Structures are given as structure tokens and as C-alpha cells.
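Letter by letter, the chains look like this.
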Amino acid sequence: MAEVQLDDVAEPGPVAPSRTPARARALLRRWWPAPVAVVLALVAAQVVADRRDEAAAERLRATPGVLAETVTAPLEATPWGTSDAMGLLMSGTRTADGLIAGVLTPGSGEPAAVVALDPGTGEERWRAEIGVLPTEDGYTRTASCTSGTDAPAETLWCAVTDGPAGDAGPVTTRLVEVDLAARAVADARELEPGAEATVVADVLVVGVRGDDGVVLTGSDVGGAERWRTEIADPVDPSFWSGWLVSAGGHVFVQGTAATWAVDPADGRIEADAEALYAARGDALVAVPTTGALRLLGPDGSATATLDGYPLYLSPDDGSAPGIQPVSTPDGSGSVVRGVEASTGRALWERPGETGPRSGYLLLDGVLYGTDLTAVWAVDALTGAERWSTTAPPVDGTGLMTDGRHLLRAEREDGTADLVLSAYDLGSGRRAWTTPVPDGVESLWSWDGALYGYGSSGRDMVLLR
């Protein structure tokens with residue numbers, strides 16, 4: 001047998017660990033803050049963007065008609081005011097102490113009054129009677145009040161006509177001055193029966209109707225007469241009231257043959273036409289029975305003609321001056337055009353399903369619009385499209401904005417359910433859609449607040 005030598009086998013030593021996991025752990029220890037930093041950077045960027053957007057929104061909210069707060073979903077509804085609330089809002093003006101003062105004509109046996117409401121709750125804070133009834137069952141026939149300013153007002157001037165029950169007996173008309181700070185009637189004087197009054201800036205204009213025409217008198221609100229103008233066109237008999245109004249820095253008189261525009265500063269007759277109104281920039285627009293519209297300019301002296309009808313813009317911050325957006329028929333449809341107001345020359349156009357449910361607003365040089373099933377934005381000067389977004393069928397009229405979004409009442413998915421949708425001002429992206437609270441069938445914005453009301457208009461809520 002051969003002799004075999006068995007060598008000792010060395011015991012295996014410890015195996016060196018792989019360098020890969022160690023390197024990974026080292027990198028993790030070194031770089032673990034990076035993902036967190038990226039997330040934090042994204043969050044910080046979003047915070048900065050939100051602050052920038054909110055700052056831009058606050059700037060836009062200085063424009064009348066822009067909602068005062070960012071609207072968020074879901075909507076919260078707070079009952080607001082009494083059954084008279086809508087009428088008071090329609091005639092309301094903001095007072096210097098933050099209330100809403102409007103005129104109320106309650107009907108037989110009760111005189112008209114200026115009523116001030118709390119803007120947060122709609123509760124009545126005070127009232128001042130401005131009507132004086134000749135009999136116990138008499139009533140205020142008409143009462144209209146104006147402050148002459150878009151800023152918070154200190155005074156209302158009200159033309160009030162009172163009479164006995166039915167159509168019996170003579171009527172009396174008084175010009176009543178209401179001190180909104182003192183919350184009381186400060187002065188009153190008699191006018192010719194059926195007279196009307198309005199205030200533009202610091203000029204009080206009183207109109208007296210006659211068989212052969214109208215006499216207008218312009219005075220300082222303190223009383224000193226400035227001018228007197230006669231218009232040889234009697235008031236249209238169908239107008240018991242509302243035939244003397246102010247808009248866009250003009251005074252308008254509705255006569256039998258024409259509508260007349262008067263400069264409140266000096267009483268000069270600026271223009272007359274079958275129909276006459278003020279477009280953006282206080283420019284007068286004459287609407288004839290036949291033929292093209294005429295752009296008359298702010299003083300009535302211009303002669304440009306226009307194919308189409310100026311769009312009603314609300315809100316309008318006055319940017320892109322000299323441009324008048326119009327709607328013009330085009331075959332079986334219509335187009336929206338940007339028109340040079342001084343010449344009537346069309347600068348651009350785009351298709352637009354304009355109609356009773358369309359709405360338009362102009363902010364920072366951008367024209368925003370809504371068709372029946374779309375929302376869009378274009379440069380008001382060039383017509384270049386910023387964005388266009390398909391949207392559910394619109395319900396109601398107009399667009400609203402809180403400075404960050406366009407707000408639009410819609411019927412979601414073709415159902416009867418009313419919703420409110422928000423579209424980003426910059427991109428048109430639909431940010432959110434939310435149902436309106438139960439019982440709300442229409443939405444309405446006034447003086448920076450969003451309201452909802454039912455079909456009767458008597459049950460109102462404040463929406464936030």
C-alpha cells in the first residue's frame with residue numbers, strides 16, 4: 001500500500017464584503033438630502049407661484065366687477081337678506097362705512113325708503129324714509145337714487161314721486177338728499193311732478209318733462225345752477241320713469257323721436273339717434289333703424305361706422321384703449337372682431353358663437369369670452385389666441401372672475417344639475433368644478449361678492 005500524505009487544509013478566512021453595497025450606503029449617506037431638497041424646492045416654487053398669482057389677483061380686484069376673494073370649491077352658502085334683498089342690491093351703492101344702501105319701494109300704504117344692509121349677512125342696519133304719502137293708502141310711484149360716483153358714497157340724491165291710491169289725484173315729486181354717514185334725510189325740495197334727477201361726478205341734473213320737450217338743469221350738488229338745456233322732443237309716453245339716466249359720463253334722455261346724449265359738464269347736446277348708448281371708453285354708439293352703427297367717440301363728434309354690435313364687457317379695466325370688441329354676423333354664424341374705435345377698421349377676428357348666454361371681460365389687455373360650449377382668451381390688440389378650452393354647456397349669462405380664475409355656471413354632462421367651474425386665467429385649464437348648493441338656480445356677482453338665488457329671486461345666499 002502506498003503511503004499517502006494528507007496536508008492540512010487551511011480554514012477559510014473571513015470573506016471580504018462587496019464594495020458595491022458599501023458604496024451605495026456611502027452615497028446614500030452623502031446624497032440622501034437631494035430628493036428631499038427637490039421636493040422642498042418644488043413646494044417652495046409652488047408657494048412663490050401662488051403668492052405671485054395672488055398678488056396679481058389682488059391687483060385685478062381693484063377693477064370694479066372682479067370678485068373680492070378667491071373662490072374655492074366646495075361652495076359654502078350663507079342665507080343673505082330678506083325677500084327685498086335683490087331689489088336693494090340692484091339699486092345699491094357702497095357707503096363709506098362699508099354698508100350697502102339701496103332704495104326700497106314697498107307698495108301701498110308704505111313710503112319709499114333708503115335701506116342700508118350689512119354686506120356679510122344682508123341684515124338691515126338702518127333705513128331713512130324718503131317718500132311722503134298723501135293718503136294712508138297712497139304709495140310711492142317711483143323712486144330712484146344715485147350717488148354720482150363708483151367710490152364709496154357719502155350722499156344719495158333721490159327723485160321720489162308719491163301719489164294717492166290707484167291713479168286718483170295729483171302726484172308730487174321731491175328731490176331728497178340722504179346723508180349716508182348721518183343715516184338720515186339731510187334735505188328735500190319739491191320738483192315739477194314727474195321730474196327725474198341723476199348725478200354725474202359733482203353735477204346734479206334735473207329733467208322736467210313738458211308737452212313740447214324736456215328742460216334739463218345742471219347744478220352743483222351744493223345748489224348753484226351751471227347750465228340749462230332744452231330738448232325739443234317730449235318724453236316717450238311709455239316712460240313713466242327711467243327716461244333720464246346717466247352712463248359712461250353722459251346723461252341720456254329718452255324722447256319720443258330719439259335718444260339724446262348730453263354732456264353733464266356744460267349741458268351741450270352731444271348726439272341723438274334712434275338708439276344711443278355708451279360703449280367702452282365712454283364712446284357713444286348710435287344705433288339707427290337701418291344701416292351701419294356709428295361710433296361717435298366720447299364727445300359725439302366722430303363719424304366712424306361699424307359692422308356689428310359692440311360687446312358688453314364686464315369687468316373692463318380700461319387696458320387696450322382704442323379697441324372696441326364687436327360681434328358681427330358672418331353667414332350662418334358670427335365672429336368676434338377687434339375694431340379700432342376711432343376709424344371702425346377691423347384689426348382682427350375670430351369665430352364666436354355669440355348670443356344671449358355669451359359673456360366677455362377685458363383685463364390686462366386680454367379679452368376673455370365664453371361661447372355656448374367653449375371658453376377662450378385672446379390678445380385684445382392683435383387677436384392672437386392665448387388659449388381655448390372646450391367646456392360644458394353654459395347656463396346663465398356672462399363670465400365672472402376672482403382675479404385667478406374665470407368662473408362659469410354650467411350644466412355638467414348635459415344634466416339638469418347646475419355647477420360652477422373655474423378656469424385658470426393664464427392657461428385656460430379647468431381647475432375645478434363643484435355643484436352649487438341646493439336651491440340655487442342662478443348665480444350673480446355684485447360689488448365683489450358672489451350671490452346665488454332660486455327661481456323666484458326672493459331667497460338669496462352669499463356664496464364663498
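Scope of this entry: the structure provided in the associated data block. Since the structure is predicted, the reported quantities are computational estimates derived from the model, not experimental observations. (Residues numbered from 1 in each chain as written. Predicted model: local features only at pLDDT ≥ 70, side-chain atom pairs only at ≥ 80, totals over all residues. Heavy atoms only, no water.)

1. Let's talk about the overall build of the protein
The number of helices and strands found in the protein is three helices and 36 strands. Relative to all contacts within the protein whose residues are 6 or more apart in sequence, the contacts with residues 24 or more apart total 41%. Here the protein has roughly 23700 Å² of accessible surface; of this, 52% comes from carbon and sulfur atoms. (Helix = DSSP H or I, 4+ residues; strand = E, 2+ residues; numbered from the N terminus. Contact = heavy atoms within 4.5 Å. Areas by Shrake-Rupley, 256 points an atom, 1.4 Å probe, with all protein chains shown as cover.)

2. Some points on the side chain of Glu-270
Looking at the element boundaries, Glu-270 is found in strand E17 (residues 269-273). Setting aside its immediate chain neighbours within four residues, Glu-270 contacts His-250, Ala-261, Val-262, Asp-263, Leu-284, Pro-298, Asp-299 and Gly-300.

3. Some thoughts on the state of the cysteines
Scanning the model with the defined rule gives one disulfide in all. One disulfide bridge connects Cys-145 with Cys-158, the sulfur atoms lying 2.0 Å from each other. Its S-S torsion of about 110° marks the bond between Cys-145 and Cys-158 as right-handed, since a negative value means left-handed. On the criterion of sequence distance, the pair formed by Cys-145 in strand E6 (residues 139-146) and Cys-158 in strand E7 (residues 155-163) is long-range, its members being 13 residues apart. (Disulfide = S-S within 2.5 Å.)

4. Remarks on empty space enclosed by the protein
In this structure the tally under the stated criterion is one cavity of 30 Å³ or more. Approximately 30 Å³ is the volume attributed to the largest cavity. Along its surface, the largest cavity is lined by Thr-142, Thr-161, Gly-194, Ala-195, Glu-196, Trp-240 and Ser-241. Partitioning the lining of the largest cavity into residue classes produces two nonpolar, four polar and one charged. (1 Å grid on protein atoms, 1.4 Å probe; cavity = no way out; pocket = protein on both sides within 12 Å on 5 of 7 lines; lining within 4 Å. Points joined across faces, edges and corners; volume = space filled by probe spheres on them. Nonpolar A, V, L, I, M, F, W, Y, C, P; charged D, E, K, R; others polar.)

5. Considerations on the pattern of salt bridges
On inspection of all chains with the given rule, the structure shows 20 salt bridges. Between Asp-97 and Arg-183 there is a salt bridge; the shortest N-O distance is 3.1 Å. Separated by 86 residues along the polypeptide, Asp-97 in the loop between strand E2 (93-94) and strand E3 (100-104) and Arg-183 in the loop between strand E8 (172-179) and strand E9 (184-191) bring together distant segments of the chain. Between Arg-411 and Asp-395 there is a salt bridge, and its shortest N-O distance comes to 3.0 Å. You can see Arg-411 sitting in strand E31 (residues 405-411) and its partner Asp-395 sitting in the loop between strand E29 (385-390) and strand E30 (400-401), a full 16 residues away along the chain. (Salt bridge = Lys/Arg side-chain N within 4 Å of Asp/Glu carboxyl O.)

6. Re the pairing of strand E26 (residues 359-363)
Burial analysis of E26 places five of its five residues in the buried class, which makes it a mostly covered element. Residues of E26 alternate between two faces, with Gly-359, Leu-361 and Leu-363 on one and Tyr-360 and Leu-362 on the opposite face, all of them buried. Two strands pair when backbone bridges link them, and E26 and strand E27 (residues 366-370) are joined in this way by five bridges, in the antiparallel orientation. When the sheet's bridge partners are listed, Gly-359 is paired in E27 with Thr-370. (Buried < 20%, exposed > 50% of the residue type's maximum accessible area, 1.4 Å probe, protein only. Pairing = 2+ DSSP bridges.)

7. A few points about the sheet that holds E6
Taken in spatial order, the four strands of this open sheet run E6-E7-E8-E9, and their pairing is antiparallel. Of all the strands in the sheet, just E6 and E9 have a single pairing partner and so form its edges. Strand-to-strand, the axes of this sheet are offset by a mean angle of 25°, without reference to chain direction. Examined bridge by bridge, E6 and E7 share seven bridges and lie antiparallel to one another. (Axes fitted to C-alpha atoms, helices over the stretch in contact; angles between N-to-C directions.)

8. What to know about the sheet that holds strand E33 (residues 430-435)
Read from one edge of the open sheet, four strands run E30-E31-E32-E33, paired in antiparallel fashion. Of all strands in the sheet, those with a lone pairing partner are E30 and E33, marking the two edges. Strand direction decides the pairing type here: E30 and E31, joined by two bridges, are antiparallel. The partner of Thr-401 across the bridge, within E31, is Leu-406.

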